[in-house]
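If you want the building blocks of each chain, they are given just below.
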Amino acid sequence: MSIQVRNLSKSFGDFHALRNVSVDMESGQLTAVLGPSGGGKSTLLRIIAGLEEADRGTVLIDGSDVTNVAARNRGIGFVFQHYAAFTHMTVWDNVAFGLKVAKAPKGKIKARVGELLDLVHLSGLAPRYPAELSGGQRQRMALARALAVEPALLLLDEPFGALDVKVRQELREWLRRLHDEVNTTTIFVTHDQEEAMEISDQIIVINEGRVEQSGTPDTLYDRPVNDFVMGFLGPVTTLGGNLVRPHDIHVSRTAGSAGHPARIERLVSLGFETRLVADPGPGADPVTVQLTRNHIHELALEVGDQVYLSVSAHPARLLTALEG
Amino acid sequence: MADVAIGGTLLRRRGAPLRRPVSAGIGPGLSVLYLSLLVGLPVAALISKSANVNAWSFVWHDPHTRSVLEFTFFIALAIAVLNAITGVALAWVLVRDDFPGKRIVNSLIDLPFALPTIVAGLVLLTLYGPGSPIGVNVAATRVGVLFALLFVTLPFVTRAVQPVLLSLELDVEDAAACLGAKPLTIFRRIILPAILPATLTGAALAFARALGEYGSVVLIGGNIPHTEIGSQVIANLVENGAPQAAAAVGLALIVMALLVLLVLALVTRRWSRHA
Amino acid sequence: MRKYVLRYAVLGYLVMLLAVPVFVIAYRTFAHGLSPVWDALSSHAAVNALELSLLITAIAVPINVIFGVATGWFLARRKMPLPWLVNAVINMPFAMSPVIIGLSVFVLYGRTGWIGTYLFAHNIPVLFTWKAMVIATVFVSLPFVVREVVPVLEEIGTEQEQAAQVLGASALQGFFRVTLPAIRWAVVYGTILTVARALGEYGAVNLVSSGFVGQGLTLPLYVDNRVNQLDPTAAYSAGLLLALLSLIILVGMTAFASRRRRQT
């Protein structure tokens, strides 16, 4: 089920959450809406769901205009940031809710809920109340609840934001597998670039109510259209006035054709990787370089050494400039 | 099947009604209408009834009415002050002290809210009236009225202060103690500022309640002019066929109560800016 | 040491003000054994007073619960015109003496009142009947449910309701299946307070009652009447009955007080 968003604008008082946003999401894909907090990404998701009304613009689902269709008639699954569990219902009743209000036959409800609880590994906890679950379990229950009505479109608002790192890592892999299994179109909002890179087919970067860039994770990482996208998608450092990725910098002991001289200030060992911070002299910011430990050993680098830094391989910004 | 297979149903549902139907405003409108009929209209009728020079001149010039209004105001003020002290003490003991039966005592605090006022009056008359088993007879005296008002207003300050005391962090008091502060200094400098707004809120509610109290004082007051408070004057005026004067006295009482609540609102607003 | 002084001073105050009086009334009621109490309570006038009290409570409480929940919901979730004014009006019964509330009903429904003129012209008796007493009771017990429901609604927020909406629930389904269960303890607590006030109201109903024994008296009015008629046994019996009812209410308040602000 494909989504087309056209010229969407939304303000809350003086605050412009969305300014003339147009994006496409393709059927069957897992799309991440990525951006800093307060950038408008949740608002976009809520307008697609019908939970919020846009000031201007339209939302098309599979080509038909749903701008004025109530949320309950859009046939979507929505997973809220704080789960929005029905606190007075058991896990089983939470998952069955959508089927019950649709007046599905009892046998059908029983079978479907059982199937979903298996899918999210909560079968044993069916009679529990949400207050008796851990954060991760509550999140899986929220997912099962959203999936119960067999939505062709699944929307998730910062689904793993409130969980600790380890659970988050597990759940994101699991979400990717789930997406492939149930074969829906999925859109999720996140401010975590690693999360977006790891599991999505497409990333839409939103900042200050505008779409900065959309495309595959590789496109965005390697060919960002501006400094914001480049900085948001991965680590950056400045070399000779250009923004580059720290792992794209080549370190040499001898001055090459375009080498910038610098003195090693610090060497921080992070296991496999070693971070090198070098001072290019007065008036310039320190440059951060990511190297492997072996590389450091080969060059026998020590704090205080003079080195020459140049952009190696495919300098991302230059490439874009050439193509653009 | 069709109910749950959304892929199919969605298309059928697309023409469904708009999210905000015109009827969305009807509910709140009905609520407002109900409130206007139930509260607004009677109060407007009362105000309109008192809109009469003779009625206000009666309130102003009738010596008995004036003295009753003065007495009502001052006894309500006394009740507010006394409650501020006893209420904080009660809340303190219930939060910081521990003794067997504390939970029962805690629920006993709400008794004056649950007990019908006339029964409260009867109860007090039995204990502190003629033939008192403990030999205290304050029936038909102003002290008796004070007892009755203390009884019905008991929960206000306690219930306002209790949650604030509960939320205070003991760390702050410990820190003050480490810095050499004596217990009384800690109470005055640390605890009192924290519970003062709640205490005042409770005291103002007790004041408003005392100002308008009726059921609990009619019996112990002994039905003599000397112990009457505002509500009794109103009831008597109605019985004697003077509803206009009664309405004027009623409005005078309402204005007193509103003034106190207004002052309280202003004071607490200034405090909350500090916090 | 200081701790004990404060503890026993406070407990002593409570005992003298609350506990002893309640025991004394129980003692006085049964001073002459059980049978006079039974006779007093089974008299026509006492039975009638109890029936009238129950009738008024049975009408006033559901009205205030339904209205209270609805208004609370509109205040917390929808756009209310002039919300501060609506709030002030809802809290009005707390700032007004019950006698003044009774008086305002009296004035409105009296022979020359705005509504009374019409009623008297068409020979529809309201003032000095149970109907006026119901109106006065609804007025005085108006705020309890609204004031309990609004903070809980604000605390639970709108996420659960939105989740229900996205899952296909209509506004009514969402309200009855999600919102109402989530606020049920607050509703129960507010209802208990409303019942307590409706059963025990004296000042407001006194002014609009006919005052006829065996016809126009609620239980609290009957207590007052018996004291004035120097019939202590009947007064104590009816008073004790009311005290017992309020004891049940108190137990209910204690049981639900901690639950009302919790969601589960």
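1. Some thoughts on unusual backbone geometry
Backbone phi values are negative for most residues with the exception of glycine, while trans is the configuration of most peptide bonds. Even without a glycine there, the phi angle at A84 of chain A is positive, about 50°. Along the chain, A84 of chain A turns up in the loop between β6 (76-79) and α2 (91-101). The exposure class assigned to A84 of chain A is buried, which follows from its relative accessible area of 4%. Located in the positive-phi region is A140 of chain B, a residue other than glycine, with phi close to 60°. Relative to the assigned elements, A140 of chain B resides in the loop between α7 (117-128) and α8 (142-167). A relative accessible area of 29% places A140 of chain B in the partly exposed class.

2. Quick word on the packing of aromatic side chains
Under the counting rule described, the total for this entry stands at 15 aromatic pairs over all chains. Ring geometry for F86 of chain A versus F97 of chain A: centroids 4.7 Å apart, planes at 50°, classification tilted. Taken together, the residues F86 of chain A in the loop between β6 and α2 and F97 of chain A in helix α2 connect sequence positions eleven residues apart. Here the two residues F86 of chain A and F97 of chain A agree in accessibility, since each one is buried. Here the aromatic rings of Y128 of chain B and F147 of chain B are separated by 5.0 Å at their centres, their planes lie at 85°, and the arrangement is edge-to-face. Of this pair, Y128 of chain B sits in helix α7 while F147 of chain B sits in helix α8, placing them 19 residues apart in sequence. Residue F147 of chain B is classed as partly exposed on the basis of its relative accessible area of 23%.

3. Focus on the domain arrangement of chain A
Partitioning chain A into structural domains gives domain 1 (3-228) and domain 2 (236-323). Summarising the inter-unit geometry, the C-alpha centres of domain 1 of chain A and domain 2 of chain A are found 40 Å apart.

4. Remarks on empty space enclosed by the protein
Rolled over the atoms, a probe as big as a water molecule pinpoints where empty space is left. Under the definition given, this model contains three cavities of 30 Å³ or more. Estimates place the volume of the largest cavity at around 50 Å³. Taken together, A208, L211, G212, L253, I254 and A257 of chain B together with A95, M96, S97 and I100 of chain C form the lining of the largest cavity. Looking at the lining of the largest cavity, the elements with two or more residues in it are α10 (183-212) and α13 (243-274) of chain B. Residue composition of the lining of the largest cavity, grouped by class: eight nonpolar, two polar and no charged. Size it by volume and the second largest cavity reaches roughly 40 Å³. In this structure, the second largest cavity is lined by A114 and P116 of chain B together with A196, L199, G200, L242, L245, S246 and I249 of chain C. Among the secondary structure elements, those contributing two or more residues to the lining of the second largest cavity are α11 (184-200) and α14 (232-257) of chain C. By residue number, the principal contributor to the lining of the second largest cavity is α14 of chain C, which donates four residues. In the lining of the second largest cavity, the residues fall into seven nonpolar, two polar and no charged.

5. Focus on the packing of α2 of chain A against helix α4 (residues 135-148) of chain A
Residues and elements named next belong to chain A. Packing of α2 against α4 brings their axes to within 7 Å, and their N-to-C directions diverge by 25°. Between α2 and α4, the crossing angle belongs to the class labelled roughly parallel. In this structure, α2 crosses over α4, and the sense of that crossing is right-handed. Between α2 and α4, the contacting residues are V91, N94, V95 and L99 on the first element and M141, A144, R145 and A148 on the second.

6. Overview of the packing of helix α4 (residues 83-95) of chain C against helix α8 (residues 143-156) of chain C
All names here are of chain C. It is the contact of α4 with α8, at a shortest axis distance of 9 Å, that shows an interaxial angle of 125°. Viewed along their axes, α4 and α8 adopt a mutual orientation that is oblique. Crossing geometry of α4 relative to α8 is assigned as left-handed. On α8, the residues that touch I90, N91, P93 and F94 of α4 are P143, F144, V146 and R147.

7. Brief notes about the pattern of salt bridges
Side-chain pairs of opposite charge can arise whenever the charged atoms involved come near each other. All told, the structure shown has 21 salt bridges over all chains when counted by the stated rule. Between E52 of chain A and R46 of chain A there is a salt bridge, with its nearest N and O atoms 3.0 Å apart. With a closest N to O distance of 2.9 Å, E213 of chain B and R209 of chain B form a salt bridge. Judged by its relative accessible area of 2%, E213 of chain B falls in the buried class.

Conventions and cut-offs
- Residues numbered from 1 in each chain as written.
- Chains lettered and ligands numbered in written order.
- Predicted model: local features only at pLDDT ≥ 70, side-chain atom pairs only at ≥ 80, totals over all residues.
- Heavy atoms only, no water.
- Helix = DSSP H or I, 4+ residues; strand = E, 2+ residues; numbered from the N terminus.
- Buried < 20%, exposed > 50% of the residue type's maximum accessible area, 1.4 Å probe, protein only.
- Phe/Tyr/Trp six-rings, centres within 6.5 Å; stacked < 30°, edge-to-face > 60°.
- Domains from an automatic or database assignment.
- 1 Å grid on protein atoms, 1.4 Å probe; cavity = no way out; pocket = protein on both sides within 12 Å on 5 of 7 lines; lining within 4 Å.
- Points joined across faces, edges and corners; volume = space filled by probe spheres on them.
- Nonpolar A, V, L, I, M, F, W, Y, C, P; charged D, E, K, R; others polar.
- Axes fitted to C-alpha atoms, helices over the stretch in contact; angles between N-to-C directions.
- Parallel < 35°, antiparallel > 145°, perpendicular 65-115°, else oblique.
- Left-handed = near helix turned anticlockwise from the far one by under 90°.
- Contact = heavy atoms within 4.5 Å.
- Salt bridge = Lys/Arg side-chain N within 4 Å of Asp/Glu carboxyl O.

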